[in-house]
Amino acid sequence: MEKELIDKEQFEQLRKSLGETNTADVMVVGAGISGIQASLDLAAMGFKVYLVDKAPAIGGHMAQLDKTFPTNDCSMCIESPKFIECSRHPNIEIMTYTEVERVEGEAGEYKVSLLKKPRYIDEEKCTGCGVCVEYCPALVPDEYNQDLCLSKAVHIYFSQAVPLVTYIERDKCHFLQDERCTICEGACKTKAINLFQKPERVEVEVGAIVLAPGFEPFDPELRNDYGYGIMENVVTSLDYERLLCATGPYEGEILRSSDKKHPHKIAWIQCVGSRQVIEGGNSYCSGVCCAYTQKQVILTKDHDADAECTIFHNDIRAFGKDFERFYQRAENLPGVRFIRSYVSIGKEIPESKNVTIRYSTTDDGVKEEEFDMVVLSVGLNPPTEFEALSSTFGIELTEKGFCKTNPMNPMETSKKGVFVSGAFQGPIDIPESVVTASAADALCGQLLAHQRGNLATAREYPEEKDVSGEDPKIGVFVCHCGANIGRVVDVPSVVEYAAGLPNVVHAQEALFACSTDNARQISDTIKEKGLNRVVVAACTPRTHEPLFRDTLREGGINQYFYDMANIREHCSWVHSKEKDVATKKAKDIVRMSVARSALLQPLEEFQLPVDKRALVVGGGIAGMTSALSLAGQGFEVFLLEKEAELGGIARRLHYTLDGMDVQSYLKDLVKKVYQNPYVHVATNATISEASGYVGNFVTKVKAENAVREIHHGIAVIATGAEEYKPTEYLYGQDDRVMTQLELEEQIVKGAEKVINADSLVMIQCVGCRNKERNYCSRICCSESIKNALKVKEKNPNADIFILFRDMRTYGLREDYYREAADKGVKFIRYEQGAEPEVAPGKSEDGRDVLKVTAIDYVLGKKVELDADIVTLAAAVIPPAENSDISKFFKVPVNPDGFFQEAHVKLRPVDFAADGIFLCGIAHYPKHIPETISQAYGAAGRAVTILSRDTVTASGAVCEVREDDCVACGACITVCKYGAIELVDTPKGKKARVNPVICKGDGLCNPKCPASAIYLKHFTDDELFSQIDQAVPSLAKAGKTAAQGAKN
Amino acid sequence: MRVMCTGRVDPAYVIRAFENGADGVYVGGCWPGECHYVTEGNYHALGMIKLTKRILKLIGINPERLRLEWLGASEGIRFAEVMNDVAAKVREIGPLGKSEGLDEGLLKSRLETVKNLLPWIKLVERERLRVAVGSVEEYEKFYDSEEMDKLFRELIADKIDTSLIMALLKDGPCSNAEISQKLGIETGEVARLVGISVRQGLVKLDEKQKVLLLPGVKEQARA
């Protein structure tokens, strides 16, 4: 392989030619999930990032959601760790409550003027304790809770906010209005209130900008749609999201604002503000409402199993991965009705404040029904400030107010060096917002590759002290957490108690252990008193463990000598009314923690070198785009294609809905790939073996009859998908029946029988949305519309019928659906179980035709169509080779045979196995622009690894005591990461853990009959010591001490 | 106590807690299908808890003292409700041992017996009791099935009972009836288990006195 490496000189030259820019900083505007992801990836790539948001905290709309579809993961639980990650990253500067005023310059050297609005709080001093909030007398509607409840003029945006500091709403503050009150000043112990704070202007220079301003929910109040704003029990879906949420206005109880009673009969109205061509509505489909409504229905039934849920909908657009099953899950719940009908609001009943809805069904005609609550499934609008965004950043907009993007690169705006991610591209969901964020990062990386790492800073720590020969010297710090703990738990008495525990040499209290001051005090005490173990009794390790581990490193001892005793969530917050027992429990928790900490061992985090070459498997649009992006960021790529030619399934596509010429695009892409000296292409390639782990993979490839070994640091899986070969509707028996891809080919060839056909019938959902393939192929509705419009363009007189189950032209594709209908394409809906029938026959005028019969549900009768051509929207199916790839790289496929990403929402192009990424239709069917976004996204994620010289593996992983191992393999049977293998040793076969692959869940530990395998940092001894100290009066005295000695 | 996965909870921890005199043990973790790793250890936890409950029942401890509940990170309110319920149930059951009519010595020795057999139980779990991770229903169906009753009896319960008998005989010879009475095992069962142990040479039958004894103990008695 070596001879294929390009020589160093050429390499350097190329690196230089990549750009002539000077600044390696990037600004991300908008700190919702998309902006957060963009910042984290950019920082990991080695760029310095300014993350700017006009809101007082980062998080965006995702922070307001209760759960996320289709897995019903808790939204805050999965998003808030990313807040912490951002706030702790040395290369991310978070600037909240800040607006962009002016942007000057050009790509590579933008000068950005920012206006920091006054919070009237000194961010450095505020600890987020919330005491000022308690004392503030001015009540204001709580914006985070959709104004459904009240907050104070000074408050924290939401409890997990980053930065966790308060801000004062100027318009509502008694002082800032008429100098009537300064209570907060007196209440604040850290003197953080500054009622005379002024706006502050900041100027920064950046090389590129990522715009991620998100969306604005459609506001039904403007037109009082469906009584919203007039009738109390009509709420929007975002209001409802807050009602469902445990941190919502009624602490997770769904209550009506009119009488604070639980609604029992709830209706959802779909497409509010979407799919409307009237003034004030949006013509497009918002793409997320069907799924989030199903989620809300499922959650409502969780809250109240007897609730009656009715959903009034148009098409159900369950087009995403696992959405179809999610829809079925909601639909099959008892007491849930999905009714396909347009609706209008009847009236509000004065006594009960119930609301009536009028709707009609084909069976029963028009009906009026009463509901306790009505939820409006509102769509996504462009951000409110879209015009300002356009003028400030100099970008063009679409007529709908979204950012105008390059259809061949949805992250590219009309301005060089300004990229866009998230819902400002158009209505998209969370995973797509995350993908496009990583994709925008890849583009920043391409623009600024030569500068990567120049301005980024790394933290430096004092040298780690070896304490292995010392007895445990434990320091205990008990945190008041402002009043959070201190008000309930008697902190001084816990400190006194802790001081008397075995091995404790220092105990003290802290007002906020996590504040910069207190944390410094801890690291100083470690040095002064020679502490070699630290226990902080405070809050949860989920958010604060990284900070305190860092504090230990600052103090010069191993970070694994830290243990956290949670006396807030596990104690003061849940026992606020039982102070005595709360204090006793806090002592119990501290005692357990102290016992455990005495046994803690220093652990080493591995630094593994990273091979800076990439392997991309699959040479379709996804694989080629990814390869070129990686190459453009300065990395060498091996691109494998199983066929003789690059291009994948796109070789059979010719045009897209928005007019892209696929073949010329493809030709150009292939040319770029072959011309790029960083990209090595192997066609007719098959993989025979793959091994290794992140940073160090070795893959054996057979190409053109030669087998070679490729060493690479990351892999991108882009193996594509295939078109289903139908067995239905006379396909393969009658050449007038063809798939959509075949039709497209015929149209492009100008085949007479297609172009001149009098009548063309398209049948949707062939080979999927059925028992065998319980998923929607996502693209077929739009593909049929695309081909129907093309035929109409060539032959306006052709009669075209589309037989569909739900038209799923989601997002901006809706406009083309409307266009097709306007141009006379007829849409006839059929239902599963009553599929159309196709048989040869003769038309009235004696032509040989295909007779297509179906039941038209709108007309309520059977229709018979004469077709010259019948086209089938055949499913997209995963290729059979996926199972091989799955085995080689130890990456999973889902039940449908598509590759399964690490996390549906937040890690959409990662695999759970580190260093392996995924893009294109190998993941799930998708349109070309979506594939391109994912391909850039995968490249962006991959560079977060490739740009580093080493990767760090956690110290808390499993290890085998080989003398005890009996090589039974029990541990191997449960390790789905494949981290354990049996190896030959002088003592025979023994299990051995690869610490780089081990994720430290410890499932193997209890499976081992010989207790030979153990998870470091959670060893049996450490855990037993906690158990023994939990009920000390009953435990054998001295047990823990004895074990401590053993260690 | 924090563990990284419910599947990491060793039955030994449960036994240790009861040895220490805890009246109840609660295990909480991610809902099935919502594994934060890829290993789905929560299904293994379900199996472990169900098996441990059977063992507790076998040695005379109320299995309701051990409880597993699924909780998402967002379900604070549910967590509080569950914990209140756990506390109420354990209070209702009463103090460990006393409520079951077991004196402290007997309780300790029984738990000790189980603890010593854990390596064997782990082997059995892997070889015979492993359910393909799929759904809670499958786990429950299997762990509550007649097949499981049979497997548990043959592979685990017999071992535990035999060990309990051996432990009893360590203190001195006993007759079948005494064993039955002291351990609460039916005489027929005692005869069957002792029969096996006698054949294996682990226990001797003193024909004259009609008592059973351990070979080693006999020597001691003579000396």
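Calculation criteria
Residues numbered from 1 in each chain as written. Chains lettered and ligands numbered in written order. Predicted model: local features only at pLDDT ≥ 70, side-chain atom pairs only at ≥ 80, totals over all residues. Helix = DSSP H or I, 4+ residues; strand = E, 2+ residues; numbered from the N terminus. Buried ≥ 20, exposed ≤ 12 C-beta atoms within 10 Å, placed from the backbone. Contact = placed C-beta atoms within 7 Å. Rg over C-alpha atoms; globule rule 2.2 N^0.38 Å. Nonpolar A, V, L, I, M, F, W, Y, C, P; charged D, E, K, R; others polar. Pairing = 2+ DSSP bridges. Right-handed = clockwise from strand over helix to strand, strands pointing away. Axes fitted to C-alpha atoms, helices over the stretch in contact; angles between N-to-C directions. Domains from an automatic or database assignment. Core = buried A, V, L, I, M, F, W, Y, C linked by C-beta atoms within 7 Å. pLDDT = per-residue confidence, 0-100. Parallel < 35°, antiparallel > 145°, perpendicular 65-115°, else oblique. Left-handed = near helix turned anticlockwise from the far one by under 90°.

Asker: Give a description of the overall build of chain B that names residues and reports values.
Answerer: Each helix and strand counted, chain B has 9 helices and 4 strands in total. Counted from the first residue to the last, chain B has its helices and strands arranged as α-β-α-β-α-α-α-α-α-α-β-β-α. Across its three principal directions, the C-alpha atoms of chain B cover 70 × 35 × 30 Å. Relative to its full complement of 223 residues, chain B shows a buried share of 34%. Counting only contacts in chain B whose residues sit at least 6 apart along the sequence, the fraction spanning at least 24 positions is 65%.

Asker: I'd like to hear about the overall build of chain A, residue by residue, with values.
Answerer: Broken down by element type, chain A carries 27 helices and 52 strands. Its C-alpha radius of gyration of 31 Å places chain A within 12% of the 31 Å reference for a compact globule of 1047 residues. Dimensions of chain A, computed from C-alpha atoms along their principal axes, come out at roughly 105 × 80 × 60 Å. Residues counted as buried form 52% of the 1047 residues belonging to chain A. Residue pairs at least 24 apart in sequence account for 71% of intrachain contacts in chain A once pairs closer than 6 positions are excluded.

Asker: Can you break down the interface of chain B and chain A residue by residue, with the values?
Answerer: With 32 residues of chain B in contact, the opposing surface of chain A contributes 35 residues. Counting only elements with at least two residues in the side of chain B that touches chain A, the list comes to helix 1 (11-19), helix 2 (41-58), helix 3 (76-93) and helix 4 (104-129) of chain B. Looking at the side of chain B that touches chain A residue by residue, the class counts come to 17 nonpolar, 9 polar and 6 charged.

Asker: Run through the pairing of strand 26 (residues 504-510) of chain A, naming residues and quoting values.
Answerer: Residues and elements named next belong to chain A. Here 6 bridges tie strand 25 (residues 474-479) to strand 26, and the two strands are oriented parallel to one another. By the bridge assignment for strand 26, Cys479 is matched with Ala510. On the question of chirality, the crossover connecting strand 25 to the parallel strand 26 by way of helix 12 (residues 491-499) is right-handed.

Asker: Can you explain the sheet that holds strand 17 (residues 308-313) of chain A? Please cite residues and give values.
Answerer: All names here are of chain A. Taken in spatial order, the 5 strands make up an open sheet running 15-22-16-17-18, and their pairing is parallel. Because the sheet does not close on itself, it has two edges, and the strands there are strand 15 (234-236) and strand 18 (336-340). Between one strand axis and the next, the sheet turns through 20° on average, direction left out of account. Pairing geometry for strand 16 (residues 265-272) and strand 17, over 5 bridges, is parallel. Across the sheet, Lys265 pairs through a bridge with Glu308, a residue of strand 17.

Asker: Can you explain the sheet that holds strand 26 of chain A? Please cite residues and give values.
Answerer: Two pairing modes exist for strands in a sheet, parallel and antiparallel, and in both the strands are linked by backbone hydrogen bonds. Residues and elements named next belong to chain A. Here 4 strands make up an open sheet; going across it, the order is 26-25-27-28 and the pairing parallel. Edge positions in the open sheet fall to strand 26 and strand 28 (562-566), since each of these has one partner strand only. Across the sheet, the mean angle separating the axes of adjacent strands is 15° when strand polarity is ignored. Most of the contacts of helix 12 go to strand 26, to which it runs at about 170°, and overall it touches strand 25, strand 26 and strand 27 (533-538). The sheet contacts of helix 16 (residues 579-599) involve strand 25, strand 26, strand 27 and strand 28, and relative to strand 27 the element is tilted by about 160°.

Asker: Help me get a handle on the pairing of strand 28 of chain A, residues and values and all.
Answerer: Looking down a regular strand, the side chains alternate between one sheet face and the other. Residue and element names in this part refer to chain A. Among the 5 residues in strand 28, 5 count as buried, and that is most of the element. Residues of strand 28 alternate between two faces, with Tyr562, Met564 and Asn566 on one and Asp563 and Ala565 on the opposite face, all of them buried. Where strand 27 lies against strand 28, 5 bridges are found, and the strand directions are parallel. Bridging across to strand 28, Ala537 finds its partner in Ala565.

Asker: Please give an account of the environment of Arg813 of chain A that cites residues and values.
Answerer: Residues and elements named next belong to chain A. Here Arg813 is to be found in the loop between strand 40 (799-804) and helix 22 (814-822). Put simply, Arg813 and Lys786 are 27 residues apart on the chain and 9.8 Å apart in space, counted from C-alpha to C-alpha. If sequence neighbours within four positions are ignored, Arg813 has contacts with Leu657 and Ser782.

Asker: Mind laying out the domain arrangement of chain B, listing which residues take part and the relevant values?
Answerer: Examined at the domain level, chain B breaks down into domain 1 (6-170) and domain 2 (171-223). Taken together, the residues of the side of domain 1 of chain B that touches domain 2 of chain B sort by class into 5 nonpolar, 2 polar and 3 charged.

Asker: Lay out the nonpolar core with the relevant residues and their values.
Answerer: Of all hydrophobic cores here, the largest spans 331 residues; its most connected members are Leu51, Leu211, Val374, Val637, Val716, Ile717 and Ala942 of chain A. Counting residues per element, this core draws most heavily on helix 11 (residues 430-448) of chain A, which supplies 11 residues. Counting the residues that make up this core, at least three belong to each of domain 1 (6-170) and domain 2 (171-223) of chain B. Among all residues touching Val637 of chain A, those that are not within four sequence positions of it are Ala614, Val616, Ala627, Leu630, Ala631, Tyr678, Val679 and His680 of chain A. Ile474, Ala510, Met564 and Ala598 of chain A belong to the second-largest nonpolar core, a separate cluster that totals 49 residues.

Asker: Can you tell me about the confidence of the model for chain A, naming the residues and giving the values?
Answerer: Keep in mind that low pLDDT regions are not for reading the predicted coordinates in detail. All names here are of chain A. Averaged over every residue, the pLDDT of chain A is 92; the share at 70 or more is 96%. Note on residues 1-8: pLDDT under 50 across the span, and 6 contacts to partners over four residues away in sequence or across chains. Taken as a whole, residues 17-21 scores under 50 in pLDDT and shows 16 contacts with residues more than four places along the chain or in a different chain.

Asker: Can you explain the confidence of the model for chain B? Please cite residues and give values.
Answerer: Residue and element names in this part refer to chain B. A residue-level look at chain B finds 94% of positions with pLDDT of 70 or above and a mean pLDDT of 87. Confidence over residues 218-223 falls short of pLDDT 50; this stretch has 2 contacts with residues more than four positions distant or in other chains. The complex model carries a pTM of 0.81, and its ipTM stands at 0.92.

Asker: Give me the packing of helix 8 (residues 289-303) of chain A against helix 9 (residues 323-331) of chain A: which residues, what numbers.
Answerer: Residues and elements named next belong to chain A. Running from amino to carboxyl end, helix 8 crosses helix 9 at an angle of 40°, the nearest separation of the two axes being 9 Å. Taken as axis vectors, helix 8 and helix 9 run oblique relative to one another. The element helix 8 and its partner helix 9 pack so that their crossing is left-handed. Along its contact with helix 8, which presents Ala291, Gln294, Val297 and Ile298, the element helix 9 presents Phe323, Phe326, Tyr327, Arg329 and Ala330. Its residues assigned to classes, the contact of helix 8 with helix 9 comprises 7 nonpolar, 1 polar and 1 charged.

Asker: Give me unusual backbone geometry: which residues, what numbers.
Answerer: All names here are of chain A. Cis geometry is adopted by the peptide bond preceding Pro70, which originates at Phe69 and carries an omega value of -10°. The topology assignment puts Pro70 in the loop between strand 3 (67-68) and strand 4 (73-74). Put simply, Val162 and Pro163 share a cis peptide bond, and its omega is 0°. Relative to the assigned elements, Pro163 resides in the loop between strand 10 (154-155) and strand 11 (167-168). Even without glycine at this site, Tyr97 takes up a positive phi of about 55°. Within the secondary structure, Tyr97 is located in the loop between strand 5 (92-95) and strand 6 (98-106). Phi at Arg778 is positive, roughly 65°, even though this residue is not glycine. Considering the arrangement of structural elements, one finds Arg778 in the loop between strand 39 (759-766) and helix 21 (780-794). Residue classification places Arg778 among the buried residues on the basis of 25 C-beta atoms within 10 Å.

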